[in-house]
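# Fold and geometry: a report
Single-letter residue listing:
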Amino acid sequence: MDRNNRKTIRVGSRKSELALIQTKFVISQLKELNPEIEFEIVSMTTMGDRVLDKPLPKIGEKSLFTKDLEVALLSGTVDFIVHSLKDLPTVMEIGTTIGAVLKRDDPRDALVLREDCKEYQLDSLPSKSFIGTSSLRRTAQLKRKFPNLQVSDVRGNLNTRLKKLDSSNSTGDNTNTNYSGIILALAGIKRMGWEKRVSQIIDSDVMLYAVGQGALAVECRLGDEFILELLEPLHHYETVLQIVAERGFLTRLGGGCSAPVGIRSTVCLTKNVMSLDGAVWSLDGSEALECSSSAELADKKVIQSHIDQYRGEDGEPPKKCPYKQPKQFVGVTPGKISYLDLDAALKLGTELAENLISKGALDIMNTAKDIIHSTIK
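The model shown is predicted, which means the values in this text are computed figures rather than measured ones.

### Quick look at the packing of aromatic side chains
How two aromatic rings sit relative to each other is given by the distance of their centres and the angle of their planes. Applying the stated rule across the entire model yields one aromatic pair. For the pair Phe-329 and Tyr-339, a centre-to-centre distance of 5.4 Å together with 80° between the ring planes defines the contact as edge-to-face. With Phe-329 in the loop between helix H10 (300-308) and helix H11 (339-358) and Tyr-339 in helix H11, this residue pair connects regions lying 10 residues apart in the sequence. The pair formed by Phe-329 and Tyr-339 is uniform in burial state, with each residue classed as buried.

What follows is the structure, encoded as structure tokens:
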């Protein structure tokens, strides 16, 4: 990798405080490995940031938080972009790839309550209490498991949503929703340093999380070998397997980032096993399909043998080996991670989706889409 020609790397980021914190964290990891390289942040707003008066599905769910940044990436304005992985569509923009998936933080959701409601949890809140969320996944699960609560859309970055919660009051008014609480991704709250605001961590047995939630992804141009090699050390083995399985699951279902679909994945390296739980709900939570599955990962000796067959006598990857011309796994460049395990993860996610489809998942999802489209009109 010729570092002499690229001393400064331009990094794309959304302008929100959380996005900038995440971007600076990724840069700090790269700076430790490459102290000679300078990084410059190029921040911008996206469609999802600019349009705050409509629920996400009504704007058009594809690439709401990524498109503007990807235009900058493909034009050469930035060299890579840092994303919350759950915002990235499973079908990547042509010419782009996920060059690194960092170690996943806690993927669960969290309940943040208004100050005068702090003594409650989801199962003890007074009937008809308003809970704010912009997620169809969270909405469907809340309506199914806590039908006594009311769910109301709340948009904006974390700061904006918390301000809306804090400006609510116990008596309410005629112009604003009187939120008793809002549900947010726990990882984002922690990255902001707001752990004390969390009233309840919602276990995944109660609420399955979104595909990719809690993980950071770094998107770059597909043929940019300099950046791909720069990013590769940030790839976290177990997280990459989880993300490939989860994105494979969502891809087969044909759902977008805001679809009423939830997931939970675990990797146990001591047993070489990966497990996946997935579900699809109707918008009102009245219908639910759930399924679980697991798969064996490859023995590490088998993985090493698989890698060795692509190496030349000098130990370096030959020109046409997968490392130099990598296969994509639902948009993820594998780097040095074994294709055997990535194939197993992708197959696990796809087959889990097939199981749900055989039970009628697509009918539920299509009905949800029809309802959303009818409200847009």
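### Digging into the side chain of Ser-168
Locating Ser-168 in the fold gives a position in the loop between helix H6 (158-167) and strand E8 (179-185). Overall, the relative accessible area of 10% leaves Ser-168 in the buried class. A polar side-chain atom of Ser-168 sits 3.1 Å from the main-chain carbonyl oxygen of Lys-164. When residues no more than four places from it in sequence are discounted, the contact partners of Ser-168 are Arg-114, Thr-177, Asn-178 and Tyr-179.

### So, the nonpolar core
In terms of nonpolar packing, the biggest core is built from 42 residues, with Val-101, Val-244, Phe-249, Leu-253, Val-261 and Val-280 touching the most fellow members. Elements supplying a minimum of two residues to this core: strand E4 (96-101), helix H9 (237-253), strand E11 (261-268), strand E12 (273-281), strand E13 (288-296), H11 and helix H12 (361-376). Apart from residues lying up to four places away in sequence, Val-101 is in contact with Leu-85, Ala-215, Leu-216, Leu-234, His-235, His-236, Thr-239, Val-240, Ile-243 and Val-332. The next biggest cluster of nonpolar side chains, apart from the first, holds 20 residues, and it includes Ile-9, Phe-39, Val-82 and Leu-102.

### Remarks on the sheet that holds E8
Spatial strand order, E7-E6-E8-E5-E9: five strands in an open sheet with mixed pairing. Edge positions in the open sheet fall to strand E7 (150-152) and strand E9 (200-202), since each of these has one partner strand only. Shown here is a sheet whose adjacent strand axes are inclined to one another by a mean of 30°, direction ignored. Sheet topology note: the strand E5 (residues 109-113)/E9 ladder contains three bridges and is antiparallel. Paired with Leu-111 across the bridge in E9 is Gln-200. Across the sheet, H6 is in contact with E5 and E8; its angle to E8 comes to roughly 160°.

### Regarding the environment of Gly-349
Its place among the elements puts Gly-349 in helix H11. Since its relative accessible area comes to 0%, Gly-349 is described here as buried. Each C-alpha atom, one on Gly-349 and one on Ser-294, is 9.3 Å from the other, the two residues being 55 residues apart in sequence.

### Quick notes on the sheet that holds E12
One open sheet accounts for three strands, arranged E11-E12-E13; its pairing is antiparallel. With partners counted over all chains shown, the strands left at the sheet margins are E11 and E13, one partner each. Across this sheet, the average inter-strand angle for adjacent strands is 10°, counted without regard to direction. Judged from the eight bridges that link them, E11 and E12 form a sheet pairing that is antiparallel. Its bridge partner being in E12, Thr-266 is matched across the sheet by Ser-275. Of the strands in this sheet, E11, E12 and E13 touch H11, which is tilted by about 150° from E13.

### Overview of H6
Listed in full, the buried residues belonging to H6 are Leu-158, Arg-161, Leu-162 and Leu-165. The buried residues of H6 occupy one face: seen down the axis, they fall within an arc of 100°. Seen from the open side of H6, the exposed residues pointing more than 90 degrees away from its buried face are Lys-163 and Ser-167. In this structure, the buried side of H6 is in contact with helix H1 (17-33), E5, E8 and helix H7 (186-191). For H6, the N-terminal capping position is held by Asn-157, with its side-chain oxygen 3.1 Å away from the main-chain nitrogen of Asn-159.

### Re the pattern of salt bridges
In this structure the tally under the stated criterion is 20 salt bridges. Here Arg-137 makes a salt bridge to Asp-109, at a shortest N to O gap of 2.9 Å. Separated by 28 residues along the polypeptide, Arg-137 in helix H5 (residues 136-145) and Asp-109 in strand E5 bring together distant segments of the chain. Summarising the burial analysis for this pair, Arg-137 and Asp-109 share the class buried. Note that Arg-138 is salt-bridged to Asp-109, the shortest N-O span being 2.8 Å. Taken together, the residues Arg-138 in helix H5 and Asp-109 in strand E5 connect sequence positions 29 residues apart. Classification of Asp-109 as buried rests on a relative accessible area of 0%. Several salt bridges share partner residues, and in doing so they unite Arg-10, Asp-79, Arg-221 and Asp-224 into one network.

Rules and cut-offs
Residues numbered from 1 in each chain as written. Predicted model: local features only at pLDDT ≥ 70, side-chain atom pairs only at ≥ 80, totals over all residues. Heavy atoms only, no water. Phe/Tyr/Trp six-rings, centres within 6.5 Å; stacked < 30°, edge-to-face > 60°. Helix = DSSP H or I, 4+ residues; strand = E, 2+ residues; numbered from the N terminus. Buried < 20%, exposed > 50% of the residue type's maximum accessible area, 1.4 Å probe, protein only. Polar contact = N/O pair within 3.5 Å; in protein donor to acceptor, adjacent residues only side chain to side chain. Contact = heavy atoms within 4.5 Å. Core = buried A, V, L, I, M, F, W, Y, C linked by side-chain atoms within 4.5 Å. Pairing = 2+ DSSP bridges. Axes fitted to C-alpha atoms, helices over the stretch in contact; angles between N-to-C directions. Arc of directions from axis to C-beta. Salt bridge = Lys/Arg side-chain N within 4 Å of Asp/Glu carboxyl O.

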